[in-house]
Amino acid sequence: MDSIGIEATSRSSGDVHNLSLPVVLFILCVVILIGIISSRSLRARSFAVHHLFLKILFKRSGRELTGFVRTLDLDQMRLVMTEAPTRGEALEMNLSSLPGFPSDKTLVVGTVAKVKPIGGQNHNYLVSLKLNVPGSSMTLQDSMINYLKHLHA
């Protein structure tokens, strides 16, 4: 009865559950950090609508062209074009040409942020635009919000 097989271990030895206290604290900190980052990115998102294929008219260098909107948000847009604009170029987007847009004669200037050829060919380009929506124009912002809500429905 001298040896019954009970071993004494301490919390800091790491033998209790094969995890030591510092490792458990580190994992807890990583989980909290991931939670904070993901909640901030969820709050930063607005009304973005993806996977669209809506025809839009726009002006580039005084010429009226047609493109197809793939992603639309309050301050950015992605569209497919047949020409490759240069980065920083301003395009005048006619939002009222979008199907079902609630207001008439709505023009917004978009600055080209990124251009990517589609499929490795030089026939179509995916263009990312930063829209310059005036903050003072509440009617334009309200029209865009209503349109984006309509697209979400």
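In short, a report on the structure.

## Digging into the overall build of the protein chain
Inference 1: Within the protein chain, the secondary structure is distributed over two helices and six strands.
Inference 2: Along its sequence from the N terminus, the protein chain presents helices and strands in the succession α-β-β-β-β-β-β-α.
Inference 3: Per-residue burial over the protein chain gives 27% buried out of 153 residues.
Inference 4: Just so you have it, the protein chain exposes about 10700 Å², and 57% of that area is on carbon and sulfur atoms.

## Details of the packing of aromatic side chains
Inference 1: The full count for this structure, using the stated rule, is two aromatic pairs.
Inference 2: Their ring planes at 10 degrees and their centres at 4.6 Å tell us that F53 and F68 sit as a pair that is stacked. Taken together, the residues span a long stretch of sequence, with F53 in the loop between helix 1 (21–44) and strand 1 (54–60) and F68 in strand 2 (residues 63–72) at a distance of 15 residues.

## Comments concerning helix 2 (residues 138–152)
Inference 1: Compared with an ideal rise of 1.5 Å per residue, which puts 15 residues at 21 Å, helix 2 spans 21 Å between its outermost C-alpha atoms and is within 8% of the ideal.
Inference 2: Those residues of helix 2 lying buried are L140, S143, M144, Y147 and L148. Along the long axis of helix 2, the arc covered by the buried residues comes to 130 degrees, so they all point the same way. Projecting away from the buried face of helix 2 at angles above 90 degrees are the exposed residues T139 and H150.

## Considering the pattern of salt bridges
Side-chain pairs of opposite charge can arise whenever the charged atoms involved come near each other.
Inference 1: Taken as a whole, this structure holds three salt bridges when the rule is applied.
Inference 2: Residue E83 pairs with R60 through a salt bridge whose shortest N-O separation is 2.7 Å. A residue pair is termed long-range when its members are at least 10 positions apart, and E83 in the loop between strand 3 (76–81) and strand 4 (90–94) and R60 in strand 1 qualify at 23 residues.
Inference 3: Note that E83 and R63 form a salt bridge whose closest N and O atoms lie 2.8 Å from each other.

## Details of the pairing of strand 3
Inference 1: Direction of pairing for strand 2 relative to strand 3: antiparallel, over a ladder of four bridges. By the bridge assignment, T71 is partnered in strand 3 with R78.
Inference 2: The turn joining strand 2 and strand 3, which pair antiparallel and follow one another in sequence, is formed by three residues.

## Quick word on the nonpolar core
Inference 1: Grouped together as the largest cluster of nonpolar side chains are 27 residues, with contacts concentrated most on V69, L72, M77, M93, L95, L98 and L129.
Inference 2: Of all the secondary structure elements, the ones that give two or more residues to this core are strand 1, strand 2, strand 3, strand 4, strand 5 (107–117), strand 6 (125–132) and helix 2.
Inference 3: Setting aside residues up to four positions removed in sequence, M77 forms contacts with I56, V69, T71, L72, M93, L95, V127, S128, L129 and L131.

Cut-offs applied
Along every chain, residues carry numbers that run from 1 in the direction the sequence is written. For a predicted model such as this one, the threshold for reporting local features is a pLDDT of at least 70, and the threshold for listing and counting side-chain atom pairs is 80 or more; totals across whole chains, interfaces and linings nevertheless cover every residue. As a rule here, side-chain values come from all non-hydrogen atoms in the structure, and water together with hydrogens is ignored. A run of H or I in DSSP becomes a helix once it reaches four residues, and a run of E becomes a strand once it reaches two; helices and strands are each numbered from the N terminus. Remark: exposure states derive from per-residue accessible area (1.4 Å probe, protein chains only) relative to the maximum for the residue type, with buried under 20%, exposed over 50%, and partly exposed in between. Per-residue and other accessible areas were derived by the Shrake-Rupley procedure at a 1.4 Å probe size, with only the shown protein chains allowed to occlude residues. Each Phe, Tyr or Trp ring (for Trp, its six-membered ring) is paired with any other whose centre lies within 6.5 Å, and the angle between the two planes then decides the class: stacked below 30 degrees, edge-to-face above 60, tilted in between. Expected helix span is given by 1.5 Å per residue-to-residue step, counting one fewer step than there are residues. By definition, the arc is the one covered by directions from the helix axis to the C-beta atoms. Salt bridges are counted wherever a side-chain nitrogen of Lys or Arg sits within 4 Å of a carboxyl oxygen of Asp or Glu. Two strands make a pair as long as DSSP finds a minimum of two bridges between them. Definition of nonpolar core: a set of buried residues of the types Ala, Val, Leu, Ile, Met, Phe, Trp, Tyr and Cys, connected through side-chain atoms within 4.5 Å. Two residues qualify as a contact provided that any one of their heavy atoms is within 4.5 Å of a heavy atom in the partner residue.

Purely geometric numbers; function is a separate question.
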